[in-house]
Amino acid sequence: MRWALAVCLVVLASACRSYLPAPAAVPARRGEALSGLSYTVGYAPQSKLLSVELCFRGQAPERLVYGAQRAVPFLREPQLLEPGGRTRPLPVRGGQLQLGAAAAGSCVRYRVDVQGALDFDALMLAYPGEGYLLLGSELFLWRPPVRSPELQTQLRFVLPPGMRVSAPWAELKDQPGHYALDERAFQFTGHVVLGALETQPV
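Sequence order as written defines residue numbering, which begins from 1 separately in each chain. Selection of residues for local features in this predicted model requires a pLDDT of at least 70, selection of side-chain atom pairs for listing and counting requires 80 or more, and totals for whole chains, interfaces and linings are taken over all residues. As a convention, hydrogens and water are excluded, and side-chain values are obtained from all of the structure's heavy atoms.

(A) The sheet that holds strand E6 (residues 92–93), seen in detail. Strand order across the open sheet formed by three strands is E3-E7-E6, with antiparallel pairing between neighbours. The open sheet has two edge strands with one neighbour each: strand E3 (63–65) and E6. The criterion for strand pairing is that DSSP finds at least two bridges linking the strands in question. Secondary structure elements follow DSSP: runs of H or I of four or more residues count as helices, runs of E of two or more count as strands, with numbering from the N terminus. Bridge analysis of E3 against strand E7 (residues 96–98) gives three bridges, and the strand direction is antiparallel. Residue pairing across strands places Leu-64 opposite Leu-97, the latter belonging to E7.

(B) How the structure looks around the nonpolar core. Residue types Ala, Val, Leu, Ile, Met, Phe, Trp, Tyr and Cys, when buried and joined through side-chain atoms within 4.5 Å, form a set referred to as a nonpolar core. Only protein chains enter the calculation, and the probe is 1.4 Å; a residue is then buried if its accessible area is under 20% of its type maximum, exposed if over 50%, and partly exposed in between. The biggest cluster of nonpolar side chains holds 46 residues, and the ones touching the most others in it are Leu-99, Phe-140, Phe-157 and Trp-169. Formed by five residues, the second largest nonpolar core is a distinct cluster that contains Tyr-127, Tyr-132, Val-193 and Leu-197.

(C) Fine view of the sheet that holds strand E1 (residues 36–44). Strand order in the open sheet made by the eight strands is E5-E4-E8-E2-E1-E11-E14-E13, with mixed pairing throughout. With one partner strand each, in any of the chains shown, strand E5 (87–89) and strand E13 (170–171) form the two edges of the open sheet. Here E13 pairs with strand E14 (residues 178–181) via two bridges, running antiparallel. Pairing of Glu-171 across the sheet is with Tyr-179, part of E14.

(D) Quick look at the packing of aromatic side chains. Ring pairs shown here join Phe, Tyr and Trp side chains whose ring centres sit within 6.5 Å, with only the six-membered ring taken for Trp; geometry is labelled stacked below 30 degrees between planes, edge-to-face above 60, and tilted in between. In total, this model carries five aromatic pairs according to the counting rule given. Centroid distance Phe-140 to Phe-157: 6.4 Å. Interplanar angle 75°. Geometry classified as edge-to-face. On the criterion of sequence distance, the pair formed by Phe-140 in the loop between strand E10 (132–136) and strand E11 (152–158) and Phe-157 in strand E11 is long-range, its members being 17 residues apart. Taken as a pair, Phe-140 and Phe-157 share a single burial class, namely buried. Between Trp-169 and Tyr-179, the aromatic rings sit 6.4 Å apart at their centres with planes inclined by 70°, giving edge-to-face as the arrangement. Note that Trp-169 is positioned in the loop between strand E12 (164–166) and E13 and Tyr-179 in strand E14, a separation of 10 residues in sequence. Owing to a relative accessible area of 10%, Trp-169 belongs among the buried residues under this scheme. The class for Tyr-179 is buried, based on a relative accessible area of 1%. An aromatic cluster is defined as three or more aromatic residues linked by ring pairs; in this entry it consists of Phe-140, Phe-157, Trp-169 and Tyr-179.

(E) Structural view of the environment of Val-192. Its location among the elements puts Val-192 in strand E15 (residues 191–195). In the structure, Val-192 is positioned 56 residues away from Gly-136 in sequence and 6.5 Å away in space, judged by C-alpha atoms. Whether two residues are in contact is decided by their heavy atoms: any pair within 4.5 Å suffices. Beyond its immediate chain neighbours, meaning those up to four positions away, Val-192 contacts Leu-133, Leu-134, Leu-135, Phe-140, Phe-157, Val-165, Ser-166, Ala-167, Pro-168 and Trp-169.

(F) Up close: the pattern of salt bridges. We define a salt bridge as a contact between a side-chain nitrogen of Lys or Arg and a carboxyl oxygen of Asp or Glu at a distance within 4 Å. Taken as a whole and assessed by the stated rule, the structure comprises six salt bridges. Across the salt bridge formed by Asp-113 and Arg-76, the nearest N and O atoms sit 3.1 Å from each other. Linking Asp-113 in strand E8 (residues 107–113) with Arg-76 in strand E4 (residues 75–81), this pair joins segments that are 37 residues apart in sequence. Judged by relative accessible area, which is 16%, Asp-113 ranks as buried. Using a relative accessible area of 30% as the deciding quantity, one classes Arg-76 as partly exposed. Linking Glu-77 and Arg-111 is a salt bridge whose minimum nitrogen-to-oxygen distance equals 3.8 Å. Of the two residues, Glu-77 is situated in strand E4 and Arg-111 in strand E8; the sequence distance between them amounts to 34 residues. Relative accessible area serves as the criterion here: at 55%, Glu-77 is assigned to the exposed category.

What follows is the structure in structure tokens.
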């Protein structure tokens, strides 16, 4: 039954593509309202850790929230990176990642323990297959608790050679390997598949 569900989710996800390095975060003026989120997601198969960098275009929020409460125990080493290069660790209180008074244009870096999620054995959060991993987006998409309808969000994956991703979001036509996320990416469960996948039109 699990195998059948995983196969269905793979079919529903978008076609696999390779990924390109992303541009640096766009600088923002102090006091400018938050207008964009930029996620960069990497994966290390040996350690089974996701590395995530979330950069803010405009004023950084005071906190980030989880997509699913069961994802909170797998958050690792969150830290704030400010435009000047200063970093500081970020506390998690009440299941929320506390940024405090972060400067406009800051970024947040954190890791996600995929192995821990696999050991937790929650099918909709993380599931292993033969040569691939099925991951719920709630596992790694920490987000501001309040989001403007005009908020623009992009995401890209940085993966080792031979590894591809199948994702449920729209790929940007002018930026191969980059995805546009709308509010549905935060409101509903989405799944990505990582592995030695073949590209097939859907």
